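Observations on chain architecture
The residues making up each chain are set out below.
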Amino acid sequence: MAEITVNLPQGAYGIHIMPGAIQRIGQLMRNLGMQGMALVVSDENVGALYGAAVLHSLTECGCKAELICVPPGEGSKSLGVAMELYTKAVTMGLDRRSPVIALGGGVVGDLAGFVAATYLRGVPFIQIPTTLLAMVDSSVGGKVAVNHELGKNLIGAFYQPRLVVADLDVLSTLPERELIAGLAEVIKYGAIHDTDFFNYLNRNCAALMKKEEGVLTEVISRCCRSKAWVVEQDEKENNLRMILNFGHTIGHAIEAETDYTGYRHGEAVAVGMYAASLISRELGLCTSQTVEAMREIIQRFSLPLTARECSPERLMTFLKRDKKSVDNVVQWVLIQAPGEVVIERGVNEAVLRSVLEQIT
Ligand SMILES: NC(=O)c1ccc[n+]([C@@H]2O[C@H](COP(=O)([O-])OP(=O)(O)OC[C@H]3O[C@@H](n4cnc5c(N)ncnc54)[C@H](O)[C@@H]3O)[C@@H](O)[C@H]2O)c1
Ligand SMILES: [Zn+2]
């Protein structure tokens, strides 16, 4: 079991990592002085598996809670589905002190968080992440959003949860592909600022793939500590937080080019991290040894290095539209060695093109 605190100017919140944590959600909320009503948002897969346990724990602690399940998948991160949740909140009489609880992966977390941030100008928000990706990344840090038909996450806010509860037991039902996709974000933390963790992952790959409890606890807490450390210094992504986008520039382009159906987010990020290491070598920022280290770890965790169905030209078009660009110049997170990255404004187009050809 591990507990991590995220300290921000508007208040601190705890991340509780342990098996069986779902059964303690009511108690953990009561410790924060939250009682009364609560709206639990989940998707149909996760709600069917864990909805009853969460409701039971809440009811036992005197909370009047209701569960609403949205269809699984990215399509639920929409203003239309958010509207259904607002309607549910109004009809059940949810007031400003009643929390919205996200029970699910990043989709549910982003959607429920967006509703919590905007309903009655903000109600308490609680995250119960159920995918590895949500445990190590999306449930911590306070980015919440829904998609616009012209782009992902275009409508959103920075809105921090009051509590994050990661129950390791729920990972037993997580499909293997989802686990592996989450591991790409785990590798990212090692690559961007923790050489020791990078080496730890290489040594513990088999245990991690088998979801061994001790290794999972260590990995999830180290990732959460890393993310908390970054977010505490730069909550609104003015500078340092950009390093979390390592692998994401090309990763997002791959996701967009394949209509968000070809690759899981983490898989696209894995290709993006490898591509970023190739760019870094071309620019003389790192040696071939670093490229090899990235290639090895990505392959060790059964993640892809290439996106063969994408075309360099199409990827290039998406890269030019990158949401994170400043004055139309893409901010690249490049690697010097495992554990060390730098931010570069813009990359020479010929270099980029040659790398895109290698990964497609
Ligand atoms: N806010 C952030 O900082 C942030 C960061 C990264 C990603 N995201 C967002 O996260 C989303 C992706 O999240 P995700 O990868 O968790 O996918 P997801 O929420 O779509 O979940 C993946 C699938 O696994 C199922 N599932 C979830 N937990 C399960 C469990 N314990 N057992 C069985 N099935 C389970 C879900 O029903 C779904 O079908 C994207 O929309 C992305 O934009 C947000
Ligand atoms: Zn990501």
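Residues numbered from 1 in each chain as written. Chains lettered and ligands numbered in written order. Predicted model: local features only at pLDDT ≥ 70, side-chain atom pairs only at ≥ 80, totals over all residues.

Here's the deal with the overall build of the protein
Each helix and strand counted, the protein has 14 helices and 11 strands in total. Expected size for 360 residues packed as a compact globule is a radius of gyration near 21 Å; at 20 Å, the protein falls within 12% of this value. By its C-alpha atoms, the protein is 60 × 40 × 35 Å across when sized along the principal axes. Taking all contacts inside the protein whose residues are at least 6 apart in sequence as the whole, residues at least 24 apart take part in 76%. (Helix = DSSP H or I, 4+ residues; strand = E, 2+ residues; numbered from the N terminus. Rg over C-alpha atoms; globule rule 2.2 N^0.38 Å. Contact = placed C-beta atoms within 7 Å.)

Structural notes on the domain arrangement of the protein
When cut into domains, the protein gives domain 1 (2-173) and domain 2 (176-359). Opposite the 24 residues of domain 1 that make contact, domain 2 presents 26 residues. Those elements giving two or more residues to the side of domain 1 that touches domain 2 turn out to be strand 1 (2-8), strand 2 (11-18), helix 5 (132-138) and strand 8 (151-158). Each residue belonging to the side of domain 1 that touches domain 2 can be placed in one class, and the counts come to 16 nonpolar, 6 polar and 2 charged. (Domains from an automatic or database assignment. Nonpolar A, V, L, I, M, F, W, Y, C, P; charged D, E, K, R; others polar.)

Description of unusual backbone geometry
In this structure, Lys211 takes a positive phi of about 55° despite not being glycine. Tracing the chain through its elements places Lys211 in the loop between helix 8 (205-209) and helix 9 (213-233). Its 15 C-beta neighbours within 10 Å are what place Lys211 among the partly exposed residues. Unlike most non-glycine residues, Ser302 shows phi in positive territory, near 55°. Tracing the chain through its elements places Ser302 in the loop between helix 12 (288-300) and helix 13 (312-320). (Buried ≥ 20, exposed ≤ 12 C-beta atoms within 10 Å, placed from the backbone.)

Overview of the packing of helix 10 (residues 248-257) against helix 13
The contact between helix 10 and helix 13 brings their axes to 9 Å, and the two run at 115°. Between helix 10 and helix 13 the crossing geometry is right-handed. Note on element contacts: helix 13 touches helix 10 through Arg314, Leu315, Phe318 and Leu319, opposite Thr249, Ile250, Ala253, Ile254, Ala256 and Glu257. Taken together, the residues of the contact of helix 10 with helix 13 break down into 7 nonpolar, 1 polar and 2 charged. (Axes fitted to C-alpha atoms, helices over the stretch in contact; angles between N-to-C directions. Left-handed = near helix turned anticlockwise from the far one by under 90°.)

A closer look at the site of ligand 1
Lining the immediate surroundings of ligand 1 are 28 residues, of which Asn45, Gly105, Gly106, Thr131 and Ser138 lie closest. Counting only elements with at least two residues in the shell around ligand 1, the list comes to helix 2 (44-60), helix 4 (106-118) and helix 5. Here the residues of the shell around ligand 1 are counted per class, giving 9 nonpolar, 12 polar and 7 charged. (Near = placed C-beta within 6 Å.)

Considering the nonpolar core
Judged by nonpolar contacts, the single largest core of 116 residues is most densely connected at Val41, Ile101, Leu103 and Leu111. In terms of residue count, the dominant contributor to this core is helix 11 (residues 265-282) (10 residues). Residue assignment places this core across two domains, with domain 1 (2-173) and domain 2 (176-359) each supplying three or more. Discounting residues that sit within four places of it in the chain, Leu111 has contacts with Val41, Val70, Ser76, Lys77, Val81, Ala82 and Val146. (Core = buried A, V, L, I, M, F, W, Y, C linked by C-beta atoms within 7 Å.)

Some remarks on the sheet that holds strand 4 (residues 63-70)
Taken in spatial order, the 7 strands make up an open sheet running 1-2-9-6-5-3-4, and their pairing is mixed. Only two strands of the sheet have a single partner each, and these edge strands are strand 1 and strand 4. When the angles between neighbouring strand axes are averaged without regard to direction, this sheet yields 15°. Contacting strand 3 (36-43), strand 4, strand 5 (100-104) and strand 6 (125-129), helix 2 runs over the sheet at an angle of about 165° to strand 3. In the packing of helix 4 onto the sheet, the strands contacted are strand 3, strand 4, strand 5 and strand 6, and the crossing angle to strand 5 comes to about 170°. (Pairing = 2+ DSSP bridges.)

Focus: the environment of Cys286
Along the chain, Cys286 turns up in the loop between helix 11 and helix 12. In sequence terms Cys286 and Leu334 are 48 residues apart; their C-alpha atoms lie 9.0 Å from each other. With sequence-adjacent residues up to four places away left out, Cys286 is seen in contact with Ser277, Ser280, Arg281, Val291, Ile335, Gln336 and Ala337.

Examining the environment of Leu305
Mapped onto the elements of the fold, Leu305 is located in the loop between helix 12 and helix 13. Since 16 C-beta atoms lie within 10 Å of it, Leu305 is described here as partly exposed. A sequence separation of 33 residues divides Leu305 from Gly272, and the C-alpha atoms of the two residues are 8.1 Å apart. Apart from residues lying up to four places away in sequence, Leu305 is in contact with Val271, Tyr274, Arg295, Ile298 and Gln299.

So, the packing of helix 6 (residues 176-193) against helix 11
In contact at an axis separation of 6 Å, helix 6 and helix 11 are set at 40° when each is read in the N-to-C sense. Crossing of helix 6 against helix 11: the hand is left-handed. Where helix 6 approaches helix 11, its residues Ala181, Gly182, Leu183, Ala184, Glu185, Lys188 and Ala191 are matched on the opposing element by His265, Gly266, Glu267, Val269, Ala270 and Met273.

Concerning helix 2
Here helix 2 is 17 residues long and its end C-alpha atoms lie 23 Å apart, about the 24 Å a rise of 1.5 Å per residue gives. A bend of about 55° at Tyr50 is the largest found in helix 2. Among the residues of helix 2, those classed as buried are Val46, Gly47, Tyr50, Gly51, Val54, Leu55, Ser57 and Leu58. In this fold, the buried residues of helix 2 make contact with helix 1 (25-31), strand 3, strand 4, strand 5 and strand 6. Phi for Gly62, located one or two positions after helix 2, is positive at around 85°. (Expected span 1.5 Å × (residues − 1). Bend = angle between axes of the 7 residues up to and from the residue.)

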